[in-house]
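Structural characterization, general
This is what each chain is made of:
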Amino acid sequence: MAVVVIVGAQWGDEGKGKVVDLYTEHADVVARFGGGPNAGHTLVVDGNKLVTHLIPSGVLRAGKKCVLGDGMVVDPQTLLEEIAGIKSRGYLVDDGDLLIGERAHVILPYHRRIDQIRESRAGAIGTTKRGIGPAYEAKVARRGIRMADLLRPDRLRALVAQNLDEVNPYLERLGGEAFQADIIVDEALRHGESLRRYIADASRFVHDSIRRGQSVLFEGAQGALLDVDHGTYPFVTSSSTLAGGACTGLGIGPTSIHVVIGITKAYATRVGGGPFPTELDGTEGERLRDAGAEFGSTTGRPRRCGWLDIPGLRLAVRINGMAGLALTKLDVLKAIRPIKMCVAYRLGGKLLDEIPQDPADLAHAEPVFETLDGWSEDIRDVRDLDDLPPGARRYLARIEDLLGVPLYLVSVGPSRAETIVLKNPFRAERTE
Ligand code: GDP
Ligand code: IMO
Ligand code: MG
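Residues numbered from 1 in each chain as written. Chains lettered and ligands numbered in written order. Predicted model: local features only at pLDDT ≥ 70, side-chain atom pairs only at ≥ 80, totals over all residues. Heavy atoms only, no water.

**Examining the coordination of the magnesium ion (ligand 3)**
Protein-derived coordination of the magnesium ion (ligand 3) comes from Asp13 (OD) and Gly40 (O), at a distance range of 2.0 to 2.2 Å. You can see aspartate 13 sitting in the loop between strand 1 (3–8) and helix 1 (16–23) and its partner glycine 40 sitting in the loop between strand 2 (29–32) and strand 3 (41–45), a full 27 residues away along the chain. Residue class for aspartate 13 comes out partly exposed when judged on its relative accessible area of 21%. Given a relative accessible area of 10%, glycine 40 falls into the buried group. (Donors = N, O, S within 2.8 Å, 3.2 Å for Na, K, Ca; no water. Helix = DSSP H or I, 4+ residues; strand = E, 2+ residues; numbered from the N terminus. Buried < 20%, exposed > 50% of the residue type's maximum accessible area, 1.4 Å probe, protein only.)

What follows is the structure, encoded as structure tokens:
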């Protein structure tokens, strides 16, 4: 048995969905621990594509338990639509395979409206407008509404009234429309009834699964540089996206975790605002966006594209305790020649090995690039590292060398099969 954490090592959209779906073969339980429907994880199996927002990416494999952890923020309407969509495609046949943490916080319509209004004003940070920030704000302000509250009408009514007392004047001040408590409560109670069969003590379930010797996969959302504490603040999401967030979000002790694997693309992308020092403007960026089909899985927004940021990955490796990396989208770099990668930052005459976290430092830091030849061959059929063109092998070897951690897999296409497997994290020894 093994307990493995998979987290994004960049600004999200690294291909977590694909890798989690692949690794679910070795797992009994797959659990999300943070974030909400801001996530969009793409799974491609037998030519069919599915994007999950709230449900863990293990859902395509029958019999595997999928858990929405207590650290998440859940939009019940979105979740019900997602469940219906997945069921209509013949998956999630057994309702017992899905568990929703009773302590997960609920995104309500007023959270979405606050997010949307703020995004239309000065100081917008390019959120997904799904109400993520306002729902987490309510949670830490101790006014949040949790999944279990949807099953208790009296408590829900009191909580919604208490929230609207503050929210409605605030919305009106921002030029938005106020909400009626009854409408919110009735809808939330209906959602609660539809979801009742899934709501459970997720922490206890995951804990017991581990104790019984089952293999568990913790699926991160977003990425290290979007972490609320250690990312490129304030252009971050509102939750802990790191491996440590798996412990707090699921109520599992860090001693249960055997190995942490990070996911990175072969280059870098970012969607939304905020610093991105290796970003490529103009036609170069567009070429990468077209080659990698870089459009948001949740919002459809074009993703900003740039060269791989090794100092950013160094930070991600360190703050997550990553044993290694899964590298995706290597196929996209075909014919992008030469390839550059940022190997350090220069700031005030000093060379920095990690991306600076202070916004002013980041604004002034200059990326130091290294140039590699690249390759022109299509590599989507390659399943063995030795069969990659020498230029691709050199690129991977240089990344391993600069980061000091091994690659666990290399992905050469969106589907499950298009993968070069190098090491299996479920067979890794516990790192003491
Ligand atoms: P996530 O949020 O980390 O799960 O990533 P997304 O699903 O938002 O974005 C990753 C995109 O890249 C999806 O469209 C995937 O189907 C696609 N993808 C994943 N791995 C590969 C790969 O190795 N090559 C190519 N060409 N596409 C990939
Ligand atoms: P996955 O799990 C990429 C970004 C938003 C915005 C910032 C804050 O698919 O990798 P939020 O709506 O969370 O308040 O937005 O975070 N963001 C993501 N970017 N992938 C994601 O998820 C993201 N989730 C949030 O674009 O910049
Ligand atoms: Mg995504």
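**Description of the environment of valine 73**
By the secondary structure assignment, valine 73 is in strand 6 (residues 73–74). A sequence separation of 36 residues divides valine 73 from proline 37, and the C-alpha atoms of the two residues are 7.9 Å apart. Residues in contact with valine 73, not counting those within four places in the same chain, are Gly35, Gly36, Pro37, Leu54, His105, Ile107, Ile132, Ala135 and Tyr136. (Contact = heavy atoms within 4.5 Å.)

**Remarks on the packing of helix 3 (residues 109–119) against helix 4 (residues 132–140)**
As a packed pair, helix 3 and helix 4 sit with axes 7 Å apart at the nearest point and diverge in direction by 120°. The angle between the axes of helix 3 and helix 4 places the two elements in the oblique class. In this structure, helix 3 crosses over helix 4, and the sense of that crossing is right-handed. Listed contacts from helix 4 to His111, Ile114, Asp115 and Arg118 of helix 3 are Ile132, Pro134, Ala135, Glu137 and Ala138. A class-by-class count of the residues in the contact of helix 3 with helix 4 yields five nonpolar, one polar and three charged. (Axes fitted to C-alpha atoms, helices over the stretch in contact; angles between N-to-C directions. Parallel < 35°, antiparallel > 145°, perpendicular 65-115°, else oblique. Left-handed = near helix turned anticlockwise from the far one by under 90°. Nonpolar A, V, L, I, M, F, W, Y, C, P; charged D, E, K, R; others polar.)

**Overview of the site of ligand 2**
Taken together, 21 residues surround ligand 2, and among them Asp13, Lys16, His41, Thr128 and Thr237 come closest. In the environment of ligand 2, an oxygen atom lies 2.8 Å from a nitrogen or oxygen atom belonging to the backbone of glutamine 222. Valine 271 has a polar backbone atom sitting 2.9 Å from an oxygen atom of ligand 2. Relative to its unbound accessible area of 550 Å², ligand 2 is 98% covered by the protein chains. (Near = heavy atom within 4 Å. Polar contact = N/O pair within 3.5 Å; in protein donor to acceptor, adjacent residues only side chain to side chain. Areas by Shrake-Rupley, 256 points an atom, 1.4 Å probe, with all protein chains shown as cover.)

**Remarks on the domain arrangement of the chain**
In terms of domains, the chain is made up of domain 1 (3–101 + 199–259), domain 2 (105–195) and domain 3 (264–421). Surface buried jointly by domain 1 and domain 3 totals about 2,800 Å² across both partners, of which 59% is contributed by carbon and sulfur atoms. Applying the counting criterion to the domain 1 and domain 3 interface returns two salt bridges. For aspartate 13, the salt bridge identified is with arginine 303, shortest N-O distance 3.1 Å. Of all the elements in the fold, those that place two or more residues in the side of domain 1 that touches domain 3 are strand 1, helix 1 and strand 3. Across the side of domain 1 that touches domain 3, the residue classes break down as 20 nonpolar, ten polar and five charged. (Domains from an automatic or database assignment. Buried area = accessible area lost by both parts, 1.4 Å probe. Salt bridge = Lys/Arg side-chain N within 4 Å of Asp/Glu carboxyl O.)

**Re the nonpolar core**
Counting residues in hydrophobic clusters, the biggest one holds 60 residues, and the most contacted among them are Val5, Val206, Phe218, Leu330, Met341 and Tyr395. Here this core takes six residues from helix 12 (residues 390–403), the largest share from any one element. In terms of nonpolar packing, the next biggest core, distinct from the first, is built from 41 residues, Leu60, Leu68, Met147 and Ile199 among them. (Core = buried A, V, L, I, M, F, W, Y, C linked by side-chain atoms within 4.5 Å.)

**Side note on the pairing of strand 10 (residues 216–219)**
The two faces of a sheet get side chains in turn, since along a regular strand they alternate between them. Burial of the side chains of strand 10 extends over both faces: Val216 and Phe218 are buried on one face and Leu217 and Glu219 on the other. Note that strand 1 and strand 10 share four bridges and pair parallel. Residue valine 3 lies in a different strand from strand 10, and its bridge partner there is valine 216. As paired strands, strand 2 and strand 10 are joined by four bridges and run parallel to one another. Paired with alanine 31 across the two strands is phenylalanine 218, which belongs to strand 10. (Pairing = 2+ DSSP bridges.)

**Some thoughts on the pattern of salt bridges**
Under the criterion given, the structure shown has 26 salt bridges. With a closest N to O distance of 3.3 Å, lysine 65 and aspartate 97 form a salt bridge. Highlighted residues: lysine 65 in strand 5 (residues 65–68) and aspartate 97 in the loop between helix 2 (76–88) and strand 7 (98–101), separated in sequence by 32 residues. Exposure remark for lysine 65: the relative accessible area of 25% places this residue in the partly exposed category. Put simply, glutamate 102 and arginine 103 hold a salt bridge, and the shortest N to O gap is 3.4 Å. The exposure class of glutamate 102 is partly exposed, given its relative accessible area of 25%.

**A short note on the sheet that holds strand 9 (residues 199–200)**
With mixed pairing, the ten strands of this open sheet are ordered in space as 9-7-5-2-10-1-11-15-19-20. For this open sheet the edge positions go to strand 9 and strand 20 (419–421), each flanked by a neighbour on one side alone. Bridge count for strand 11 (residues 259–265) against strand 15 (residues 324–328) is five bridges, and the pairing is parallel. Bridging from a neighbouring strand, isoleucine 261 pairs with glycine 324 of strand 15.

**Brief notes about the side chain of asparagine 168**
Of note, asparagine 168 is situated in helix 5 (residues 153–173). With relative accessibility at 13%, the residue asparagine 168 sits in the buried group. Residue contacts for asparagine 168: discarding those within four places in its chain leaves Ala178 and Phe179.

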